[in-house]
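Given next are the chains, with one letter for each unit.
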2 protein chains.
Amino acid sequence: MKRSNVLRKIAFLGLIGAFAALVLTTLTLARDQDPLPSWNEGPVKQAIVSFVQKVTDKSGPAYVPPGERIATFDQDGTLWVEHPLYAQGMFALDRVRQLAPQHPEWQTTEPFKSVLSVDRAAMAKFTEQDWQRLIAATHAGMTTEAFLQIAREWLAHSRHPRFRRPYTELVYQPMLEVLQYLRANGFKTYIVTGGGQEFVRVYSQQVYGVPPEQVVGSSVATSYEYQNGKPVLMRLPKVFFIDDHAGKAIGINLFIGQRPDAAFGNSGGDREMLEWTGAGNGARLMMLVLHDDPQREYAYGPAQGLPDTGVGRFPQALWDEAKQRGWVVISMKKDFKKIFAWE
Amino acid sequence: MKRSNVLRKIAFLGLIGAFAALVLTTLTLARDQDPLPSWNEGPVKQAIVSFVQKVTDKSGPAYVPPGERIATFDQDGTLWVEHPLYAQGMFALDRVRQLAPQHPEWQTTEPFKSVLSVDRAAMAKFTEQDWQRLIAATHAGMTTEAFLQIAREWLAHSRHPRFRRPYTELVYQPMLEVLQYLRANGFKTYIVTGGGQEFVRVYSQQVYGVPPEQVVGSSVATSYEYQNGKPVLMRLPKVFFIDDHAGKAIGINLFIGQRPDAAFGNSGGDREMLEWTGAGNGARLMMLVLHDDPQREYAYGPAQGLPDTGVGRFPQALWDEAKQRGWVVISMKKDFKKIFAWE
């Protein structure tokens, strides 16, 4: 036998051993480990598990090949805390304060004036347009690389006002388990957020295990320029794409080009994403996180009589549509055994 | 020992065996198989192989972790034939002829009139704006699903005027090998095309092994609507994004959010993509396909005195920039042992 044939034979026998080992490992893990330990037992947890079983059952009618298994997740209020304000809103407000010395006119111009005088009542009434002016003033006028650095530093040093921890520690442990469970079952997991795509990409891999290219979000226009002969992308004070409401379905088609099999949200801005996901064929899983646990996190609706806080609104109409279309509502109070990893 | 512990031990030993087997298999395969058999030996083929070795050498200074290995490929003229006209241009012209009975005014209105009277001289002079009018008239006004179906049928039934084969068979075998070779070495391979994103996604998986979400291209705006209570995305006669020239660097940042380590193009429209790729740190590979083989394919420049055909222009300035920046020019005549799989 030639030497390379011997090597091939050894390799072949080894591969058979490997296969047996993998089968045994899988069986052992399957019996010993619950992939969703931070979920309480019940129909909601069961809905996730049985969806995954259907989609991965090769002999079943709802089988989906691995490359086509897609799950999309809203971020704010679905994967991490959004109260009392989205982290990126906090970032924008901090940036206004930081940049104020270079903009004396902001002391007398809205929406900047309200931010600088910490007028919470006025800030609560900011329109979409006010927020867009704030984003343009704080998220543009630098290269993409400079922006990533600014966002990275803010995330490292800012703390949530109630939990006194970095925002990146305020992710929901049960949802992290769903992300991991789906990926372990051949799903590509995407974040589809109304927030800034470039902002979320700073930490998506580290925090959620989601690589930058699997973050779909809102964005500003950029221009290709040269600085000292080196190409840069400059962030312009001009909205390019708003990935919210209908924009989520449009963004999914634009960035992913495949219809998700599963989608997770928590507010009216996620409605079209869930509708779009639900309109596909085969097994479907649409879930909405309901914030009904003021002790461990927050409680807001206004669905089910929960207070209307103006952030991450879960209106009664969304609740009604969920019931009508068979979307599963996750009660944080009842279904989450644990909310944060550090609890 | 508990039974589950015994199983774990067997699994662990098996996994060690598996690892040894995989190492041996890899060594055996590496010695026996050339991953680029359709390339002639020489510095161009060597540049690809040594780039991959550098990026994957864990102990070397240019090592890149697998999740961050990104390669981007232009399509028309880089992965498949673009002469005498881009496939999607052919598709647009066929659509004009097909839709003409519903648009009697086209008989007297440019650019439709020239298309319908097969006035090749006039068509050769079509401006960007003429093409945009054609795209708006032929690529919009239907749902995304209906468009995919139209594109699928056209691709199945149309034939290239010279090679008398479906366009999807006119892919360059050496480039398919590069795509496969890079993927086998942990790269994510993207198509970054000036062509229509949704059009290319119809066949990207089947033809190139590139899934829909790894196709970045030009797009029209879409709107979210309901038809019989079911959500649809309607394609609007309005350009949303042009993924060409600076748009390729912008599109890479927007869709991928990571800078490529390697980029492949063939025309002036790929310049910024190669510059953007080249401006990163570590090992880089920038390549341009030069069409200099009129016998087996086509010859066009105008770089190096090749004829200027107006399609897929490789200007002398691009050649000069390539030489200055160390980009590698692939001569189809010298470097491609074989051009098509069916040769």
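Residues numbered from 1 in each chain as written. Chains lettered and ligands numbered in written order. Predicted model: local features only at pLDDT ≥ 70, side-chain atom pairs only at ≥ 80, totals over all residues. Heavy atoms only, no water.

Draft legend 1. Looking closely at the packing of aromatic side chains. For the structure on display, the rule yields 48 aromatic pairs over all chains. Judged by centre distance (4.3 Å) and plane angle (0 degrees), the rings of F73 of chain A and F264 of chain A are stacked. Here F264 of chain A lies in strand β5 (residues 262-265) and F73 of chain A lies in strand β1 (residues 70-73), a separation of 191 residues in the sequence. Taking the relative accessible area as the measure of exposure, F73 of chain A reaches 0% and is therefore buried. Summarising the aromatic geometry, the rings of W154 of chain B and F199 of chain B are spaced 6.3 Å apart at their centres and angled 50 degrees between planes, so their arrangement reads as tilted. Within this pair, whereas W154 of chain B is found in helix α7 (residues 144-157), its partner F199 of chain B is found in helix α9 (residues 197-201), the two being separated by 45 residues in sequence. Per residue, the accessibility class of W154 of chain B equals that of F199 of chain B, and both read buried. Through a chain of ring-to-ring contacts, three or more aromatic side chains come together here, namely W80, F91, F147, W154, Y167, F199, Y203 and Y208 of chain A. (Phe/Tyr/Trp six-rings, centres within 6.5 Å; stacked < 30°, edge-to-face > 60°. Helix = DSSP H or I, 4+ residues; strand = E, 2+ residues; numbered from the N terminus. Buried < 20%, exposed > 50% of the residue type's maximum accessible area, 1.4 Å probe, protein only.)

Draft legend 2. Region of interest: the packing of helix α3 (residues 87-99) of chain A against helix α7 (residues 144-157) of chain A. Residue and element names in this part refer to chain A. Contact geometry of α3 with α7 gives a least axis separation of 11 Å together with a crossing angle of 105 degrees. Regarding the angle of α3 to α7, the classification is roughly perpendicular. Listed contacts from α7 to A87, M90, F91, D94 and R95 of α3 are F147, I150, A151 and W154. Among the residues forming the contact of α3 with α7, the class breakdown is seven nonpolar, no polar and two charged. (Axes fitted to C-alpha atoms, helices over the stretch in contact; angles between N-to-C directions. Parallel < 35°, antiparallel > 145°, perpendicular 65-115°, else oblique. Contact = heavy atoms within 4.5 Å. Nonpolar A, V, L, I, M, F, W, Y, C, P; charged D, E, K, R; others polar.)

Draft legend 3. Quick peek at unusual backbone geometry. All names here are of chain A. Note that the residue after H83, namely P84, is joined by a cis bond; omega there is 0 degrees. Residue position: P84 is located in the loop between β1 and α3. Following E110, the chain continues to P111 via a peptide bond in cis, the omega torsion being 0 degrees. Mapping P111 onto the fold places it in the loop between α3 and α4 (112-116). Positive phi outside glycine occurs at N228, with the angle close to 50 degrees. Mapped onto the fold, N228 is located in the loop between β3 (215-227) and β4 (230-241). Residue classification places N228 among the exposed residues on the basis of a relative accessible area of 84%. Residues other than glycine seldom take positive phi values, yet Q304 does so here, at roughly 60 degrees.

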